[in-house]
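Report on the structure
This is what each chain is made of:
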Amino acid sequence: DGGFAVEPLGTIGTLGTTAVCRAALRVCGVADSTREVRRADARLAELGGQKALRERLLRNGEPGALFYVMAGLMEADLLPPVSPDMAALPWSERMLEGRMHGGVPVVIYACAAVRERFLTKRLLPGFLRAPARLMARTRLAGFIGQFQNPNGSWNGMVFSTVLNLLALEGVGLTAADPMVERGFTWIDSRKRRTRDAASKQELIRIVPFDGENWETAFAIMALSVSGRKESATSIQRGAKFLFTAQSAEPQVRLNQPNPAAPREGGWTFMRGNERMADCDDTGVVLAALGLATTAKQKRPGQGNAAESIARGIAWL
């Protein structure tokens, strides 16, 4: 249909994916007159065009409109009228507790950063902009910084990391800032290089995220219901992997405002995402470990399996 599908072998071009791929082709220098670009434009028009992209941003937080503006395919004033200087307002984590996930404000500030970069008219008058921006930089960097993983990522995902970097750029942080530099370094580490046999050209693909904790848990459950005993080597090696992946990083207060709740002991979707343990991943891992462990089994490094599972249940 001329569009791009979410999955590699998909046959139906979707609005968001087609918009992002169309923006990428523009950034890579592919001419608007090429057949592929013209077909993508036709599919986007069929799906509602810029108006639909804006609605998807407002309703679902889908970032296709941001990349469309960044590639010069859409006017910045079509983005919501928000400014990075909003971060200077005396909002705090306590205002957000129980109301929204920490990733939601990041989308708002990424949108504000793109709008300001590509729109000459500012929402704040000049004499207020400098002090407001300094305050915004301090507040937003502190807020976003608490979610950055030691490996430099946010949420262990490329798209989450990109949006956080956009938001930080909006308040004036540059590539020389240590927080930003760690983010770019992590994105660079997601590149996988291969060589096309026919053309001899190097190909680069980006792996957006891993899911080894989630996938290992489902593999253990599949082996178990297929008749493997808990003592099977494959199940025990999988359980050992999951025990070593249990989070010891205290959960960010915004994502768990209850001061009496355990802040450690959950699991995340993937390794290296210590700051974002969540309920579905922890539940799946506990379900798998319940099929794979006995009370006497030792957890690598500390204590036994029962204690580790009890900590996970308490966290959940």
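**With respect to unusual backbone geometry**
- The phi torsion at N155 lies on the positive side, around 60 degrees, for a residue other than glycine.
- Positionally, N155 belongs in the loop between α7 (126-145) and α8 (158-170).
- Its identity as a non-glycine residue notwithstanding, K200 has a phi of 65 degrees, on the positive side.
- As for its position among the elements, K200 is in the loop between β1 (191-195) and β2 (202-206).
- With relative accessibility at 58%, the residue K200 sits in the exposed group.

**Here we look at helix α9 (residues 178-189)**
- Between its first and last C-alpha, α9 extends 16 Å over 12 residues, near the 16 Å set by a 1.5 Å rise per residue.
- Looking at α9, one finds that the buried residues are M179, V180, G183, W186 and I187. Buried residues in α9, looked at end-on, bunch into an arc of 125 degrees, giving them a common side.
- For α9, the side-chain oxygen to backbone nitrogen distance between the N-cap and M179 is 2.9 Å, and the N-cap itself is D177.

**Some words on the environment of V20**
- Here V20 lies in helix α1 (residues 15-27).
- Considered as a pair, V20 and M135 are 115 residues apart in the sequence and their alpha carbons are 32 Å apart.
- Beyond its immediate sequence surroundings of up to four residues, V20 is in contact with G64 and F67.

**Concerning the nonpolar core**
- Counting 46 residues, the largest nonpolar core has L66, Y68, L79, I144 and L168 as the members making the most contacts within it.
- Those elements giving two or more residues to this core turn out to be α1, α3 (49-60), α4 (64-70), α6 (103-118), α7, α8 and α9.
- The element best represented in this core is α8, accounting for six residues.
- Non-local contacts of L79, meaning those with residues more than four positions away in its chain, are made with L57, A65, L66, V69, C111, V114 and R115.
- One finds A245, V284, A292 and I309 within the second-largest nonpolar core, a separate group that totals 17 residues.

**Structural notes on a nonpolar patch on the surface**
- Where nonpolar side chains cluster on the molecular surface, the patch consists of M100, V104 and I108 and spans about 210 Å² of accessible area.
- A relative accessible area of 32% places M100 in the partly exposed class.

**Remarks on the packing of α8 against α9**
- At a minimum axis distance of 10 Å, the contact between α8 and α9 shows a crossing angle of 150 degrees. With respect to α9, the axis of α8 lies roughly antiparallel. When you trace α8 past α9, the crossing you get is left-handed. Contacts between α8 and α9 involve V158, T161, V162, L165 and L168 from the former and M179, V180, G183, F184, W186 and I187 from the latter.
- In terms of residue class, the contact of α8 with α9 is built from nine nonpolar, two polar and no charged.

**Considerations on the side chain of Q256**
- By secondary structure assignment, the location of Q256 is in the loop between α11 (233-244) and α12 (279-292).
- One polar contact links the side chain of Q256 to the main-chain amide nitrogen of N258, over a distance of 3.0 Å.
- Each residue touching Q256, except ones within four places of it in the same chain, is listed here: Q251, A261 and R263.

Thresholds applied
Sequence order sets the numbering: in each chain, residues are counted from 1 along the sequence as written. The predicted origin of the model limits local features to residues at a pLDDT of at least 70 and limits the giving and counting of side-chain atom pairs to 80 or more, whereas totals for whole chains, interfaces and linings rest on all residues. Side-chain metrics in this entry use all non-hydrogen atoms of the structure; hydrogen atoms and water are not considered. Helix and strand assignments come from DSSP, with helices taken as H or I runs of at least 4 residues and strands as E runs of at least 2, each series counted from the N terminus. The cut-offs for exposure are 20% and 50% of the maximum accessible area for each residue type, with area from a 1.4 Å probe on protein chains only; residues under the lower value are buried, those over the upper are exposed, and the others partly exposed. To estimate the expected span of a helix, count its residues, drop one, and scale the result by 1.5 Å. Here the arc refers to the set of directions running from the helix axis out to each C-beta atom. Polar contacts here mean pairs of N or O atoms no more than 3.5 Å apart (in protein, one a potential hydrogen donor and the other a potential acceptor; neighbouring residues in sequence count only if both atoms are side-chain atoms). Pairs of residues are marked as contacts when any of their non-hydrogen atoms sit within 4.5 Å. Take the buried residues of types Ala, Val, Leu, Ile, Met, Phe, Trp, Tyr and Cys, join any two whose side-chain atoms come within 4.5 Å, and each joined set is a nonpolar core. Put simply, a patch holds well-exposed residues, over 30% relative accessible area, that have no salt bridge, with like charges counted together within 9 Å and Val, Leu, Ile, Met, Phe, Trp or Tyr side chains within 5 Å. Computed with the Shrake-Rupley method and a 1.4 Å probe, the accessible areas treat only the protein chains shown as cover for residues. Each reported salt bridge corresponds to a side-chain nitrogen of Lys or Arg within 4 Å of a carboxyl oxygen of Asp or Glu. A fitted line through C-alpha atoms serves as each axis, taken over the contacting stretch for helices, and the angle formed by two N-to-C directions is quoted from 0 to 180°. Should an angle lie under 35 degrees it is considered roughly parallel, over 145 roughly antiparallel, and from 65 to 115 roughly perpendicular; all remaining angles are considered oblique. Crossings are assigned a handedness: left-handed for a near helix turned anticlockwise from the far helix by less than a right angle, right-handed for a clockwise turn. Each residue is assigned to one of three groups, with Ala, Val, Leu, Ile, Met, Phe, Trp, Tyr, Cys and Pro labelled nonpolar, Asp, Glu, Lys and Arg labelled charged, and all others, Gly among them, labelled polar.

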